[in-house]
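# A look at the structure
Below are the chains, spelled out letter by letter.
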Amino acid sequence: MPAESSRPLLPELRPALFIDKDGTLVENVPYNVDPARLKFMPGALEALRHIARWDFALVLVTNQSGLARGYFGRAQLDALLRTLAQRLWDEAGIRLQDVQVCPHAPGAGGRPACLCRKPAPGMLLRAARLHGLDLLRSWMVGDTLDDVEAAHRCGCRAVLLDTGGETLWRHGPLRTPEAMLPDWGSFREYLEQQHAHAIACPGIR
Ligand SMILES: [Mg+2]
Ligand SMILES: [Zn+2]
């Protein structure tokens, strides 16, 4: 039988860890574009170094309405994101697969005005399409319930890092995280257990 016939019809898809930026990967300094003020959250680098070894694509997904509001320009944000990616590499050997940005502001009354601002799932879907990501095996980590909802809207699972970012606690069917954890260290342990289970029982989530 020719070798080609044993090849899967579709290329293998990779799982991703989608990571919120402000209040999750770095401390939340509202509308900050000053690279000097970037400060990683405690334990984030250590945890991500481990997680990257389990073949998760690491994708940053960040709402940046400061662009639409005119607080800063795209060049300033890009410079900040370049510094962030460089520091991840220099300080922990971590390579981001992608950084997805929503540049839009919410609509009147906080209602969605685009398909990418979290809690909409547009950034996750776009990254999945671009990089061949398996959303059903992917996770999102964030500090607000909007992060959780964005993940659930496209079939990912989500962990809420309870670091003080969520203040409204609007609950809903898509807004209950798989786990709520206090810090990156416990998130790493949790994901390790989930990942070991996924390897032991392929096909079962
Ligand atoms: Mg956040
Ligand atoms: Zn958007």
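Computed from a prediction, not measured in an experiment: that's the story for all the values here.

## Some details on the overall build of the protein
Helix and strand content of the protein: five helices and six strands. Sequence-ordered secondary structure for the protein, helices as α and strands as β, is β-α-β-α-β-α-β-α-β-β-α. Taken along its principal axes, the extent of the C-alpha atoms in the protein is 60 × 40 × 35 Å. Split into buried and exposed, the 205 residues of the protein put 46% on the buried side. The long-range fraction of contacts in the protein, counting pairs at least 24 apart against all pairs at least 6 apart in sequence, stands at 65%. Split by element, the accessible area of the protein, about 10700 Å² in all, is 55% carbon and sulfur. Both charge centroids of the protein, one from 24 positive and one from 23 negative side chains, sit 5 Å from each other.

## Some thoughts on the nonpolar core
Ranked by internal contacts, the top residues of the largest apolar core, which has 38 residues, are Leu17, Ile19, Leu25, Leu58, Trp184 and Phe187. Among the elements that take part in this core, helix H2 (residues 74-92) stands out by supplying six residues, more than any other. Counting 23 residues, the second largest nonpolar core, distinct from the first, contains Cys102, Met123, Leu133 and Cys156.

## Considering the coordination of the zinc ion (ligand 2)
Protein coordination of the zinc ion (ligand 2) is provided by Cys102 (SG), His104 (ND1), Cys114 (SG) and Cys116 (SG), with donor distances spanning 2.1 to 2.3 Å. Classification of the site at the zinc ion (ligand 2) rests on its four donor atoms, whose angles at the metal span 100 to 117°, yielding the label tetrahedral.

## So, the coordination of the magnesium ion (ligand 1)
At the metal site, the magnesium ion (ligand 1) is ligated by Asp20 (OD), Asp22 (O) and Asp143 (OD), and these contacts range over 2.2 Å. In terms of primary sequence, the donors binding the magnesium ion (ligand 1) are separated according to D-x1-D-x120-D. Accessibility expressed as a relative area gives 7% for Asp20, which makes it buried.

## Structural notes on the layout of surface pockets
Volume-wise, the largest pocket comes out at about 690 Å³. In this structure, the largest pocket is lined by 26 residues; those nearest its centre are Asp22, Asn28, Asn63, Arg117 and Thr144. If you list the elements that add at least two residues to the lining of the largest pocket, you get strand S2 (57-63) and helix H4 (145-152). Across the lining of the largest pocket, the residue classes tally to four nonpolar, 10 polar and 12 charged.

## Examining helix H1 (residues 44-53)
Among all positions in H1, only Ala44, Leu45, Ala47, Leu48, His50 and Ile51 are buried. Next to the buried residues of H1 lie strand S1 (16-19), S2, H2 and helix H5 (184-200).

## Some points on the pairing of strand S4 (residues 139-142)
Residues of S4 alternate between two faces, with Trp139 and Val141 on one and Met140 and Gly142 on the opposite face, all of them buried. Looking at chain direction, S1 and S4 are connected through three bridges and run parallel. Bridging across to S4, Ile19 finds its partner in Val141. Taken together, the four bridges between S4 and strand S5 (residues 157-161) define a ladder with parallel strand orientation.

## Brief notes about unusual backbone geometry
Note that the residue after Lys118, namely Pro119, is joined by a cis bond; omega there is 25°. If you trace the backbone, Pro119 turns up in the loop between strand S3 (98-102) and helix H3 (122-131). A positive phi angle, near 60°, is found at Tyr31, a position not held by glycine. According to the relative accessible area criterion, Tyr31 is partly exposed, its value standing at 40%. With a phi close to 70°, Asp55 is a non-glycine residue in the positive phi region. Of note, Asp55 is situated in the loop between H1 and S2.

## Here we look at the sheet that holds S5
Pairing is parallel in the open sheet, where six strands are placed in the order S3-S2-S1-S4-S5-S6. Each edge of the open sheet carries a strand with a single partner, namely S3 and strand S6 (179-181). Strand after strand, the sheet turns through a mean of 20° between neighbouring axes, direction not considered. In the sheet, S1 pairs with S2 via four bridges, with the strands oriented parallel. Within S2, the residue paired with Ala16 across the bridge is Ala57. Together, S2 and S3 form the strand contacts of H2, whose direction differs from that of S3 by roughly 150°. Lying over the sheet, H5 contacts S1, S4, S5 and S6, oriented at roughly 170° with respect to S4.

Calculation rules
- Residues numbered from 1 in each chain as written.
- Chains lettered and ligands numbered in written order.
- Predicted model: local features only at pLDDT ≥ 70, side-chain atom pairs only at ≥ 80, totals over all residues.
- Heavy atoms only, no water.
- Helix = DSSP H or I, 4+ residues; strand = E, 2+ residues; numbered from the N terminus.
- Buried < 20%, exposed > 50% of the residue type's maximum accessible area, 1.4 Å probe, protein only.
- Contact = heavy atoms within 4.5 Å.
- Areas by Shrake-Rupley, 256 points an atom, 1.4 Å probe, with all protein chains shown as cover.
- Lys, Arg positive; Asp, Glu negative; His and termini not counted.
- Charge placed at Lys NZ, Arg CZ, Asp CG, Glu CD.
- Core = buried A, V, L, I, M, F, W, Y, C linked by side-chain atoms within 4.5 Å.
- Donors = N, O, S within 2.8 Å, 3.2 Å for Na, K, Ca; no water.
- Tetrahedral: all angles 85-135°; square planar, octahedral: opposite > 155°, others 65-115°.
- 1 Å grid on protein atoms, 1.4 Å probe; cavity = no way out; pocket = protein on both sides within 12 Å on 5 of 7 lines; lining within 4 Å.
- Points joined across faces, edges and corners; volume = space filled by probe spheres on them.
- Nonpolar A, V, L, I, M, F, W, Y, C, P; charged D, E, K, R; others polar.
- Pairing = 2+ DSSP bridges.
- Axes fitted to C-alpha atoms, helices over the stretch in contact; angles between N-to-C directions.

Everything listed is a geometric property; what it means functionally is a separate question.
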